[in-house]
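# Breakdown of the fold
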Amino acid sequence: MLSGISRRGVVLCKSCCRQYSVVGLDPVSEMRSVPASIVLPSYHRNGIPPPRLPTVDIKSKDEISRLREAGHITGGILDKVMDMVQVGITTDELDRYAHDQIVAQSAYPAPLNYRGYPKSICTSVNNVLCHGIPNSRQLQDGDIISIDVSIFYKGVFGDCCSTKVVGQGDSTVHELTKVTKDSTLAAIETCKPGVRLCAVGNTISDYAERAGFSICKEFIGHGIGSYFHGLPEVYHYSNSHGPSLRPGMVFTIEPILMEGRDRMSILADGWTAVSADSKRAAQFEHTILITDNEPEILSPHR
């Protein structure tokens, strides 16, 4: 599919003679502030989240109602940010737009100062798997960008992610994006009471293997509620782990599919995860609720 790095920072695609840039670190602007009226999460000052709950919790009706509201807001903002994606815009501009949209909803941008993260969303371009920090780099024709939006609202968190090809792109990157989304939605469909959680990873693995893509194993889905990250841990690759699903469980499914090998490293900023072979990746995410029947997507977005 790819011939490797042909010259510094550029990779050529054999099948279509298009190229994309390998992304590294670029200048990052100052951390944005939030209005005094916004209800803040516990980590907003020191960056340290509270300890994780030791078990999977079942959400109350009130918690579900607030999670549904937070999820719908998050998904709506993600769609707006994705609509802003175009050749020439910087990821810092996308972050500023998302930040303004979030605080306009009286919500807090959940990544902001979470364990010291300096921005309000994550923007992961080309070879960046996840946790890309918005910066001064302009998006280029043929880039692929994953944008992760999460908020803290009415005491609970919303979390979702989508991927888009910038400009034309090549056939491989369009297929990577499609398979990532399709595998996520197929995995969600398996999430019914009594089904083992491992069905999620087994389903995604089937899709990825048939398409010739690999799955990033280092980053997983997670429980979510009044906490940002908790149990259960949701593996996106073939496995036999995890509890049987019960109504009232809420968690994210957020696989990262990779064009090349499932090897990665973290850049010097301590956040940006990149593929070891500089090949591209895509991510798609929803927060879901286990009900008595079909799973409910709490974070609807395109």
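Our subject is the structure listed above.
Now for a description of the structure that goes with this document. The model shown is predicted, which means the values in this text are computed figures rather than measured ones.

### Things to note about the sheet that holds strand 9 (residues 214-215)
Spatially, 9-13-16 is the arrangement adopted by the three strands of the open sheet, whose pairing is antiparallel. The open sheet has two free edges, formed respectively by strand 9 and strand 16 (281-283), since each of these has just one partner strand. Summarising the sheet, strand 13 (residues 256-258) and strand 16 pair through three bridges and their orientation is antiparallel. Bridged to Ile-256 within strand 16 is Gln-283.

### Digging into the pattern of salt bridges
Here the structure, examined in full by the defined rule, presents 18 salt bridges. A salt bridge links Arg-32 to Asp-92; its shortest N-O distance comes to 2.9 Å. Of this pair, Arg-32 sits in the loop between strand 3 (19-21) and helix 1 (61-84) while Asp-92 sits in helix 2 (residues 91-104), and the two are 60 residues apart along the sequence. Grouping residues by exposure puts Arg-32 and Asp-92 together as buried. When salt bridges with common partners are traced through the structure, they connect Arg-32, Asp-92, Asp-95, Arg-96 and Lys-119 into a single cluster.

### Re the packing of helix 3 (residues 171-189) against helix 4 (residues 198-211)
Two numbers describe a pair of packed helices, the interaxial angle and the distance between the axes. Here helix 3 crosses helix 4 at 155°, and the two axes come no closer than 8 Å. Classified by the angle their axes make, helix 3 and helix 4 are roughly antiparallel. With respect to the hand of their crossing, helix 3 and helix 4 are arranged in right-handed fashion. Every residue of helix 4 that contacts helix 3 at Glu-175, Val-179, Asp-182, Ser-183, Ala-186 and Ala-187 is listed here: Val-200, Thr-203, Ile-204, Tyr-207 and Ala-211. Looking at the contact of helix 3 with helix 4, its residues break down into seven nonpolar, two polar and two charged.

Rules used in this analysis
Residues numbered from 1 in each chain as written. Predicted model: local features only at pLDDT ≥ 70, side-chain atom pairs only at ≥ 80, totals over all residues. Heavy atoms only, no water. Pairing = 2+ DSSP bridges. Helix = DSSP H or I, 4+ residues; strand = E, 2+ residues; numbered from the N terminus. Salt bridge = Lys/Arg side-chain N within 4 Å of Asp/Glu carboxyl O. Buried < 20%, exposed > 50% of the residue type's maximum accessible area, 1.4 Å probe, protein only. Axes fitted to C-alpha atoms, helices over the stretch in contact; angles between N-to-C directions. Parallel < 35°, antiparallel > 145°, perpendicular 65-115°, else oblique. Left-handed = near helix turned anticlockwise from the far one by under 90°. Contact = heavy atoms within 4.5 Å. Nonpolar A, V, L, I, M, F, W, Y, C, P; charged D, E, K, R; others polar.

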